[in-house]
Amino acid sequence: MTDSSWRASVEAALGARISRSRPLSGGDINEAYALELADGRRVFLKTNAHADAAMFLAEARGLAWLEQARCLRVPSVVAVASGSREAPGFLVLELIESARRCSDFDERLGRGLADLHRSGTASFGLDHDNFIGRLPQSNRVQSSWPEFYWQQRLLPQLERAAQAGHVSVALRKRFDRLEQRLPEWVGPAEPPSRLHGDLWGGNLHVDERGLPCLIDPAVYGGHREIDLAMMRLFGGFGSRVFEAYREAFPLAPEHEQRVPLYQLYPLLVHVNLFGASYVGQVARALEPYS
């Protein structure tokens, strides 16, 4: 996509001419740019000519929802547009340049995440749907966490994977058994936490002061162990992060045994984003529950 496809609409939204644009790497879904404006501002732009019209609007709402808790930094939203036939949708954020991590970065991240989760929210779910990666994510409110985790998280991704031919009869039966016993396996009841929702290492940024900053959320109200399990799935987080988290907000007994259970959702998402190569990891995560 050339910048001519989005330049006019971005300039209109920002009320300033773009004097320079520099492509940025790092994402596998959207195009990203650092923009310098004629009025001296520097901002970050992500755009995608093929994205769902609601995607950037949902991300902007998610960032604002995390910012409300004032626990960890998230980039401020400058402008957002859903797109049209004439121009792609886009999201403009403050440009946060990275510095070297501060000496207590992991400590701050662990305690900040504990504060974010403890800030809570009204229900399991959210008042609007959003996306995880490019996949739609339903946040329909449910009365309990087991019900939400099955109906709004595991089942939609399982059905999508089955439609693509990635779910064998045997694997589906294992998920059916999981559904029957899920209420006893999800852990002690807790109030809903305010979740980032897609917390892998690529969505952790370091700001200009060397402090942690969260980006690219897929927010909702849910069980806090799902954020922590995803952080452990692909690495990128030091042991001190988890230690500091537990010191600030102790976890329920047997939380370690529930890590595979809460990794099932991001693993199914990866099956649907990247194909059958992740099915084996799904099957292994199911082993303690079937």
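Residues numbered from 1 in each chain as written. Predicted model: local features only at pLDDT ≥ 70, side-chain atom pairs only at ≥ 80, totals over all residues. Heavy atoms only, no water.

Hey, could you run me through the nonpolar core in this one?
It is characteristic of soluble globular proteins that their nonpolar side chains tend to be buried jointly. Among the nonpolar cores identified, the biggest contains 41 residues, and Y149, F175, L178, L261 and L264 are the most heavily contacted of them. Looking at this core, the elements with two or more residues in it are α4 (145-163), α5 (169-185), α6 (225-233), α8 (259-274) and α9 (279-286). If one sorts the elements of this core by residue count, α8 sits on top with 10 residues. The residues contacting L178, other than those within four sequence positions of it, are L154, W185, L261, L264, L286 and Y289. Of all hydrophobic cores here, the second largest spans 39 residues; its members include A69, L113, A114 and L211. (Core = buried A, V, L, I, M, F, W, Y, C linked by side-chain atoms within 4.5 Å. Buried < 20%, exposed > 50% of the residue type's maximum accessible area, 1.4 Å probe, protein only. Helix = DSSP H or I, 4+ residues; strand = E, 2+ residues; numbered from the N terminus. Contact = heavy atoms within 4.5 Å.)

Help me out: how do you make sense of the packing of aromatic side chains in this one?
The geometry of an aromatic ring pair is captured by the separation of the ring centres together with the interplanar angle, meaning the angle of the planes. As enumerated under the stated definition, the model contains 10 aromatic pairs in all. Considering the side-chain rings of F148 and Y220, the 5.6 Å spacing of their centres and the 25° angle between planes classify their relative orientation as stacked. Taken together, the positions of F148 in helix α4 and Y220 in strand β11 (residues 220-222) put the pair 72 residues apart, joining distant regions of the chain. Y220 sits in the buried class, given a relative accessible area of 1%. Taken together through their ring pairs, the aromatic side chains of F124, W145, F148, Y149, Y220 and Y262 make up a single cluster. The cationic tip of R194 hangs over the ring face of W65; the distance from NZ or CZ to the ring centre is 4.5 Å. (Phe/Tyr/Trp six-rings, centres within 6.5 Å; stacked < 30°, edge-to-face > 60°. Lys NZ or Arg CZ within 6 Å of the ring centre and 35° of its normal.)

Help me out: how do you make sense of empty space enclosed by the protein in this one?
Under the criterion given, the structure shown has three cavities of 30 Å³ or more. Contributions of two or more residues to the lining of the largest cavity are made by α6 and α7 (239-248). Of the residues forming the lining of the largest cavity, the biggest block, four residues, is contributed by α6. Broken down by class, the residue content of the lining of the largest cavity amounts to six nonpolar, one polar and five charged. In this model, the second largest cavity occupies a volume close to 40 Å³. As for the second largest cavity, its lining consists of G197, Y220, I226, D227, M230, Y265 and P266. Only α6 and α8 provide two or more residues apiece to the lining of the second largest cavity. (1 Å grid on protein atoms, 1.4 Å probe; cavity = no way out; pocket = protein on both sides within 12 Å on 5 of 7 lines; lining within 4 Å. Points joined across faces, edges and corners; volume = space filled by probe spheres on them. Nonpolar A, V, L, I, M, F, W, Y, C, P; charged D, E, K, R; others polar.)

Function cannot be read off these values alone, since they describe shape.
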